[in-house]
Amino acid sequence: MSATATPGVRPGVDPADYAQAITNMLEDLSLERERMQESQRATVNILEDFAEDKAWLEKSQNAILNILDDAYEEKVQLQDNQKALLNILEDLEDEREKIRRLNAELEDRVRRRTGDLERSNRKLEAFTYSVAHDLRAPLRAMCGFSEALLEEYGEGLGETGRGYAERVCNASRRMATLIDDLLNLARLSRAKLHREPVDLSELARAIVADLQAGEPERRAVVEVEDGINARVDRGLFRTVLENLLNNAWKFSAGRDETRIEVRGVATADGSVGFFVRDNGVGFDSAYADKLFQPFERLHSGDEYPGNGVGLASARQVVERHGGTISADAAVGRGATFYVTISSQGQGTDDRDEL
Amino acid sequence: MNDRSILLVEDNPDDEELTKMALHKGKITNEMVVAHDGAEALDTIFGAAGEAAELPAITLLDLKLPKVDGLEVLRRIRADERTRLMPVVVLTGSKEQEDVIDSYQLGANAYVRKPVTFAEFVHAVRTLGLFWLLLNEPPPARQPAQPAAAHPTSA
């Protein structure tokens, strides 16, 4: 075995092989370098592309930022609007609460009023019941026993005594009539209204025909205009027309010829109106308001019998129909009574009762 | 003429006296029994019904009465098998519509308002007496057991 050896060369390996190997390696490196350069070029290209993209992206980003800025402003504005709306809603809520409270108060008040009315209605009914049942009994006794007195003991009473007994009986009878009229008046204020279309002209003619039939010898000219129609309670309005026409007939009794006129009146608000006019004794207009009070009379009972509830009843009915009644007259020159009736069917209408 | 009694249900002594006078003047001589309030009327009627005694030919019933009012008396008369057919005439001071309707609804046979003047009162009571005691055929004193329930009012 030789002691000498080429440094770096492994003993036993041919140096020519080395050289070859190194050459091979160098060739490989050169190839590698080319590849790397190519990659580098590609990378540079890509980077260039990136730069373009970046610029574009930056532009886009700016645009987006602008949009975001705008959006932010929008948002602030919207928030302001929202706050304003919320304020309004709160106000509305307050209003609604106020209205709710008012409604509750109103309902409470209506309940209390209704309770009051029901109580006073019950009282009125109890009162009416008592009047109807109790007030006539003593009159029956007064009249009954004074008549019995007249029959059984009339001889002993003498003429004056008999006259007194007769007065007692007549007065009781008048009072019985007054009680009945009062009860009728009370009934008118309680009666349910059943409104229906009524031909008032026809109703008036029928009443006048009855009056004339009861006094065929009286010379009377009665004109009733056609077509006075209204939605009213037929029975109650018959009472009104009867009272007005009876009065017209009664107070024109002294004339050579009775003249009665019933005519429709045009009203501004479209409600129905009519008047009843006579050529009777009339009255002083200064007392016109008194006429419609129960038991008020402007003429003596001897001259013109009556008890003073007719016109009070008429007013009761007309007012329950949401209407008005008034009078116009002069002493010796006849009287005119005007009636209006609300066309709206106002007043205490109980049509649902039908 | 029917000789059964007349039952007058009346709390007012004046009206009681006037009715007696009117019956007398009308020559109606049937016995008149007077009940002075609703409770007494029911005792009289149901006492008679219980003893199978004769029911009155006619009952003249006032509406406003102490203790038990006239309408309640009428209701109980109509509710009881023994008395539900007996003739009852309401004879009262009121002609209020409610009273008239209530009376008929409870089965009154007639409704007459007491007139204020004695002449009219006599006329009314005499007419009632003549009709119910003479003309009218009253239901049998003892009402027989109903043969069939189909026509209970045609007996």
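First, a word on scope: everything that follows refers to the structure included in this document. The model shown is predicted, which means the values in this text are computed figures rather than measured ones.

Looking at the overall build of chain B
The secondary structure content of chain B amounts to five helices and five strands. The secondary structure elements of chain B, listed N-terminal to C-terminal, are β-α-β-α-β-α-β-α-β-α. Counting all 155 residues of chain B, 54% fall into the buried class. Taking contacts inside chain B between residues at least 6 apart in sequence as the whole, the part at least 24 apart equals 69%.

Here's the deal with the interface of chain A and chain B
Listed per partner, the contact involves 23 residues of chain A and 25 residues of chain B. Between chain A and chain B lies a buried interface of about 2000 Å² when both sides are counted; carbon and sulfur atoms form 54% of it. Three residues, His133, Arg140 and Phe145 of chain A, lead the burial of chain A against chain B; their summed loss comes to 31% of the area buried on that side. Inspection of the chain A/chain B interface yields five salt bridges. Among the ionic pairs, Asp180 of chain A bridges to Arg113 of chain B, the shortest N-O distance being 2.7 Å.

Re helix H1 (residues 15–134) of chain A
Where H1 of chain A is concerned, the buried positions are Gly115, Thr128, Val131, Ala132 and His133 of chain A. Buried residues along H1 of chain A sit against helix H2 (136–190) of chain A together with strand S4 (88–92) and helix H4 (97–105) of chain B. Where H1 of chain A begins, one side-chain oxygen reaches toward the backbone nitrogen of Ala16 of chain A, 3.0 Å away; that side chain belongs to Asp14 of chain A.

Some remarks on the sheet that holds strand S5 (residues 272–278) of chain A
All names here are of chain A. Read across the sheet, five strands follow the order S2-S4-S5-S7-S6 without closing on themselves; strand pairing throughout is mixed. Since the sheet does not close on itself, it has two edges, and those belong to strand S2 (220–224) and strand S6 (324–329), each with one partner. Each strand axis lies, on average, 10° off the axis of its neighbour in the sheet, ignoring direction. In this sheet, strand S7 (residues 335–341) lies alongside S6 in antiparallel orientation, the contact comprising six bridges. Bridge pairing in S7 links Asp328 to Thr336. Helix H4 (residues 234–251) contacts S2, strand S4 (258–265), S5, S6 and S7 of the sheet and is inclined by roughly 25° relative to S5. Packing of helix H5 (residues 310–320) onto the sheet brings it into contact with S6 and S7, and relative to S6 it is tilted by some 140°.

Digging into the nonpolar core
Of all hydrophobic cores here, the largest spans 40 residues; its most connected members are Leu200, Phe237, Leu244, Leu245, Phe274 and Phe337 of chain A. Put simply, the parts of the chain that give this core at least two residues each are helix H3 (200–214), strand S3 (229–233), H4, S4, S5, H5, S6 and S7 of chain A. Considering each element in turn, this core owes the most residues, eight residues, to H4 of chain A. Setting aside its immediate chain neighbours within four residues, Leu200 of chain A contacts Ile228, Ala230, Val232, Phe237, Leu241, Phe274 and Ile341 of chain A. Core analysis: the next-biggest nonpolar cluster, separate from the first, contains 25 residues, Ala148 of chain A together with Leu18, Met21 and Ala22 of chain B among them.

Here's the deal with a nonpolar patch on the surface
A cluster of nonpolar side chains, Val13, Tyr18, Ile22, Leu26 and Leu29 of chain A, forms an exposed patch at the surface whose accessible area comes to about 440 Å². Assignment of secondary structure puts Ile22 of chain A in helix H1.

Quick word on H3 of chain A
Residues and elements named next belong to chain A. Over its 15 residues, H3 runs 21 Å from end to end, which matches the ideal 21 Å to within 8%, given 1.5 Å per residue. Among the residues of H3, Leu200, Ser201, Leu203, Ala204, Ile207, Val208 and Leu211 are the ones counted as buried. Viewed end-on, H3 has its buried residues packed into an arc of 160°, placing them on one side of the element. Turned more than 90 degrees from where H3 packs its buried face, Glu202, Asp210 and Ala213 sit exposed. In this structure, the buried residues of H3 make contact with strand S1 (195–199), S2, S3, H4, S5 and S7. Measuring from the backbone nitrogen of Ser201 back to the side-chain oxygen at the start of H3 gives 3.1 Å, which picks out Asp199 as the cap.

Considerations on the pattern of salt bridges
Enumeration according to the criterion identifies 33 salt bridges over all chains in this entry. Of the charged contacts in the structure, one is a salt bridge between Asp226 of chain A and Arg205 of chain A, with a shortest N-O distance of 2.7 Å. Of the two residues, Asp226 of chain A is situated in the loop between S2 and S3 and Arg205 of chain A in helix H3; the sequence distance between them amounts to 21 residues. A relative accessible area of 57% means that Asp226 of chain A is categorised as exposed. Shared partners join several salt bridges into a network, and the residues in it are Arg140 of chain A together with Glu10, Asp15, Asp62 and Lys114 of chain B.

Reading the values: rules and limits
Positions within a chain are numbered from 1, following the residues in the order the chain's sequence is written. Note on labels: chains are lettered from A, ligands numbered from 1, in written order. Restriction of local features to residues with pLDDT of at least 70 applies here, the model being predicted, together with a cutoff of 80 or more for giving and counting side-chain atom pairs; totals for whole chains, interfaces and linings are based on all residues. For the side-chain quantities, the full set of heavy atoms in the structure was used; hydrogens and water were omitted. Under the scheme used here, helices are H or I runs from DSSP no shorter than 4 residues and strands are E runs no shorter than 2 residues, and both carry numbers assigned from the N terminus. Buried residues are those whose accessible area, probed at 1.4 Å on protein chains only, stays under 20% of the maximum for their type, while exposed residues exceed 50% and partly exposed ones sit between those limits. We call two residues in contact when some of their heavy atoms are within 4.5 Å. Each of two parts loses accessible area, computed with a 1.4 Å probe, when they are put together; buried area is these two losses added. A pair is scored as a salt bridge if a Lys or Arg side-chain nitrogen falls within 4 Å of a carboxyl oxygen belonging to Asp or Glu. In protein, a polar contact requires one atom able to donate a hydrogen and another able to accept it; more generally it is a pair of N or O atoms within 3.5 Å, and residues adjacent in sequence count only if both atoms are side-chain atoms. Only when DSSP finds a minimum of two bridges between them are two strands counted as paired. Between N-to-C directions, angles cover 0 to 180 degrees, with each direction set by a line fitted to C-alpha atoms, over the stretch in contact for helices. Among buried residues, those of type Ala, Val, Leu, Ile, Met, Phe, Trp, Tyr and Cys that are joined through side-chain atoms within 4.5 Å constitute a nonpolar core. Here the term patch refers to residues with relative accessible area over 30% and no salt bridge, with like charges joined within 9 Å and nonpolar side chains (Val, Leu, Ile, Met, Phe, Trp, Tyr) within 5 Å. In these tables, accessible area is a Shrake-Rupley quantity obtained with a 1.4 Å probe, and a residue counts as shielded only by the protein chains included in the view. Expected helix span is taken as 1.5 Å per residue step, with the number of steps being one fewer than the number of residues. The arc refers to the directions leading from the helix axis to the C-beta atoms.

Fair warning: the whole summary comes from geometry, so function is off the table for now.
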